[in-house]
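Chain and residue survey
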Amino acid sequence: MYPYMEDKTRHAQYFYQALKHAIENYDSPSQVKKRRLQQIFAAENYNWGHWSLQGRMKQWVFGLTLADGNDSDLVNADARLSKFKTTQEKVEALTIQGAFHEMKGNFPYAIHLYKSALAIDPSFSHALVALGNMMIMMSERVDVSESDEGAKFLEHALTSNEVHPPLEQHKHVYYEMATRLAYYYNLQYRNSDMQTWLDKAAESLHPHSDCWQIFRASTVMHFPLSKDEAKQNLARFHQFTDELLNKDLICENEKQLSTAFPLAYYDNINNCDEYVKHHALMVKSFPWLEYQAQDLVYQDRPVRPTFPSGKIRVGVVSSFFSPESSIWGNFGWTMRNLQSHPQLDISFIYYPKNEENSISAVEKELSFNPKSNIYLNSSNANRSPSFDSPQWMSMNRNKMEEQKFDVILYLDMFMNNEMNMMATSKLAPVQICTHGHPVTSGIPKKIMDYYLSWDLAELPDRAEAQSFYSEELYRIDTGSEPWEYYEPRAEGETSKITGLSFSHYTRENLDFISNKGDRELLQAPMAKWYFCSQAPFKYSMVFDKILGDIQSADPEAVIILVQMTDKSLEGITKRTEERLVSEGALDLNRVVFIPRMKHHHLMAMYKLSDVVLDSVYFGGDTTTREAFEVGAPVITLPGRTIGQRWTQAYYRVMGISDFIAKDPNDYVRIAVDAAKTDNSSKKDLRKRIMDSAQEKLYRVDTHKSWADAIIEMAEKPRHWHWKSNVVKGVHEEF
């Protein structure tokens, strides 16, 4: 651009300089990015699109149908077919009217019209795309079989050489439908299909942002069906992430970044490098995530801090300040008791679990000091696509930053992706994460200073234990004591969560198991119950084989597993059954899947089972301690990080080692021996476990070790300080 000049000579000079500058900078990264942004903008806003997609074609169709909207024949498209002479005219009319009714929200009639068009011409691509897209977009409201049918319509439209007009891979419609298919298959846990369509979309030359490439790189599928698939998934993660880390990325939607949550369930590997790389992709994709509070300063050499108020101000962040949550079962009472510590000033920071940002009165009162509570906004609040920090993030940063906390403690990172995005900001001099989801954050130590853990739940070799964390690993050394206060979740065989008793349940009256065949299997006179209360996505292939070996070693074994009831997790259930057979060689006729239970039903299962199986390698924490409340023996095989070593840690506190396995074969032996023990010995064992848990696990003063740890981390000489607290003088090295 240059200004218009009346003087022709000067105008020519300006033109020459502008043209010279454009030519010289044509290939500069900034200019390349600007041209790409223009291409993407034009492709998204000025393409012809499709009758059922955003674009000029949809606008024309909508306008025309509205113009004739009072025509009763138009509203009932079937009645006017006789007005059209050719097949092409009829299928176009039906498809256009289907699009009209879809826009109006008349979905069943729209489906009828699209299918009517396809009954006349099964190869009409516009009807195939419209119907397929509509059916998978309605997947939350229709049966899975119907949405699968929609996916088949779309696949046929995109792959068949016989459809007309043809859908070219480098055009808008193909790209949009390929990514929608990929996302749909992701929701259904159909890994191979998802990868196929993400790869096809990536090959399209249609101008597009990098959002779906970010999704492709960051998506590591839950529950691989084989070791080869697991290796392939990790290889794709590294390949595509490395490619993106070397690009200048364009994406406005931070929700396109998948969570690294599933990485924790890959078989007993050290995945610290993957978490570090995932974090690097996050900040590369969305640079606005790298943020430092305005009044925080970094000093080259560490200085011991001061605390003008006389107390260390701590903000504790969680999405699960809720009495029903197992995470609250882990942390809740410890956090509450910390609020009474004389050296700490602790505020609860609530991140909402819903779009309405609603926090109940009961949840607010979980804090001993509700007036100090801070309520954050969800990522859906006041949200619009932007290359800058979205409003929800800015609002949350401001709320936390203005408190000038000395320490921020994140209890449950990875339980939602937004929590990890929040934690990428440096909002306090010391930032700590811990085991709400027991894996490293992958965030550099300069931002996330510490990972707070428990010595009994980590590997004895400190250097090896540290290798699993990007943060500095701080281990609370409790000797042989527990590190958290656990409030028993039942009293006198009554659940404190539901308020209902489980004392009356026997193997003969399990009214919460509706399947008659399952009840008969469980009630067989010699049946031995092997119950695992963990969600199936925690199972490893090692655990699959353990379950199969238990069946082989004990002909009376009935394996009892939890079935995911959330509609969005139906795909996990299918994959679970498939892999239990392929990797574990299980006889599913001897397996009972129980839909996720109410708490008093869960406690009844612990009470009635012969043994409880800790999933390998990612095991239980709250669930283990619940089982101990009724004396259930929990068989465990420790892994290498805290999320894989809780149960053995609790046994060490209790002075019990009988049920800690050395390897998978030992696990099977211990489980079968315990299940086959005579009833008198089982009764004695349960009493021993209950008494030991009561005496040694339920310590009310465990918050003191947390307080000592937080105080030590806060008081260490450090680089980060609030401006108002900076002390000039002698530097102290770490």
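Let us now look at the nonpolar core. The biggest cluster of nonpolar side chains holds 218 residues, and the ones touching the most others in it are Tyr 410, Tyr 530, Ile 550 and Leu 613. It is helix H9 (residues 172-187) that contributes the most residues to this core, 9 residues altogether.

Moving on to the packing of H9 against helix H10 (residues 191-203). Where H9 meets H10, the closest approach of the two axes is 8 Å, and the angle between their N-to-C directions is 160°. The orientation of H9 relative to H10 falls into the category roughly antiparallel. The chirality of how H9 crosses H10 is left-handed. Here H9 contributes Tyr 174, Tyr 175, Ala 178, Thr 179, Leu 181, Ala 182, Tyr 185 and Asn 186 to the contact with H10, which in turn contributes Asp 193, Met 194, Trp 197, Leu 198, Lys 200 and Ala 201. Residue composition of the contact of H9 with H10, grouped by class: 10 nonpolar, 2 polar and 2 charged.

As a further point, take helix H11 (residues 211-218). Since there are 3.6 residues in each turn of an α-helix, residues three or four apart along the chain are aligned in direction. Burial runs high along H11: 8 of the 8 residues are buried. Within H11, burial applies to Cys 211, Trp 212, Gln 213, Ile 214, Phe 215, Arg 216, Ala 217 and Ser 218. Taken together, the buried residues of H11 touch H9, H10, helix H12 (227-245) and helix H13 (272-285).

Turning next to the state of the cysteines. In the structure shown here, the tally under the stated rule is 1 disulfide. The side chain of Cys 211 participates in a disulfide bridge whose partner is Cys 251; the two sulfur atoms lie 2.1 Å from each other. On the S-S bond that ties Cys 211 to Cys 251, the torsion sits near 110°, and the link is right-handed. Of this pair, Cys 211 sits in helix H11 while Cys 251 sits in the loop between H12 and H13, and the two are 40 residues apart along the sequence. By relative accessible area, Cys 251 is classed as buried at 3%. Not engaged in a disulfide, the cysteine Cys 272 finds its nearest cysteine sulfur in Cys 433; these two sulfurs lie 11 Å apart. Classification of Cys 272 by relative accessible area gives buried; the value is 8%. Classification of Cys 433 by relative accessible area gives buried; the value is 2%.

Right, let's get into the packing of aromatic side chains. Going through the model one piece at a time under the given rule, you end up with 29 aromatic pairs. Where Trp 333 meets Tyr 485, the ring centres are 6.1 Å apart and the plane angle is 85°; that geometry is what we call edge-to-face. With Trp 333 in helix H14 (residues 326-338) and Tyr 485 in the loop between strand S8 (472-476) and strand S9 (490-491), this pair connects stretches of sequence that are 152 residues apart. Through successive ring pairs, a cluster of aromatic residues spans Phe 321, Trp 328, Phe 348, Tyr 350 and Tyr 375. Over the face of the ring belonging to Phe 240 we find Arg 216, whose NZ or CZ atom lies 3.6 Å from the ring centre. The ring of Trp 333 has Arg 336 lying over it, and the distance from NZ or CZ to the ring centre is 4.8 Å.

Okay, the layout of surface pockets next. Regions of empty space are outlined by a rolling probe, equal in size to a water molecule, passed over the atoms. Its volume calculated, the second largest pocket comes out at about 710 Å³. Along the wall of the second largest pocket there are 32 residues; nearest its centre are Glu 493, Lys 607, Leu 608, Val 630 and Arg 686. When residues of the lining of the second largest pocket are traced back to their parent elements, those giving at least two are S9, helix H22 (599-608), helix H23 (622-629) and helix H26 (679-696). Here the lining of the second largest pocket takes 7 residues from H26, the largest share from any one element. Looking at the lining of the second largest pocket, its residues break down into 15 nonpolar, 6 polar and 11 charged.

Moving on, we get to the environment of Gly 643. Inspection of the secondary structure puts Gly 643 in the loop between strand S15 (634-635) and helix H24 (646-654). In this structure Gly 643 comes out as buried when scored by relative accessible area, which is 1%. In sequence terms Gly 643 and Ala 457 are 186 residues apart; their C-alpha atoms lie 8.1 Å from each other. Ignoring sequence-local partners within four residues, the contact set of Gly 643 consists of Pro 438, Tyr 617, Phe 618 and Gly 619.

For the protein chain, the mean per-residue pLDDT works out to 89, and 91% of the residues sit at or above 70. Under a pLDDT of 50 for its full length, residues 70-75 has, in the predicted model, 13 contacts with residues more than four places off or in other chains. Scored below 50 in pLDDT, residues 729-734 makes 14 contacts in the model with residues more than four places away or belonging to other chains.

Reading the values: rules and limits
Residues numbered from 1 in each chain as written. Predicted model: local features only at pLDDT ≥ 70, side-chain atom pairs only at ≥ 80, totals over all residues. Heavy atoms only, no water. Core = buried A, V, L, I, M, F, W, Y, C linked by side-chain atoms within 4.5 Å. Buried < 20%, exposed > 50% of the residue type's maximum accessible area, 1.4 Å probe, protein only. Helix = DSSP H or I, 4+ residues; strand = E, 2+ residues; numbered from the N terminus. Axes fitted to C-alpha atoms, helices over the stretch in contact; angles between N-to-C directions. Parallel < 35°, antiparallel > 145°, perpendicular 65-115°, else oblique. Left-handed = near helix turned anticlockwise from the far one by under 90°. Contact = heavy atoms within 4.5 Å. Nonpolar A, V, L, I, M, F, W, Y, C, P; charged D, E, K, R; others polar. Disulfide = S-S within 2.5 Å. Phe/Tyr/Trp six-rings, centres within 6.5 Å; stacked < 30°, edge-to-face > 60°. Lys NZ or Arg CZ within 6 Å of the ring centre and 35° of its normal. 1 Å grid on protein atoms, 1.4 Å probe; cavity = no way out; pocket = protein on both sides within 12 Å on 5 of 7 lines; lining within 4 Å. Points joined across faces, edges and corners; volume = space filled by probe spheres on them. pLDDT = per-residue confidence, 0-100.

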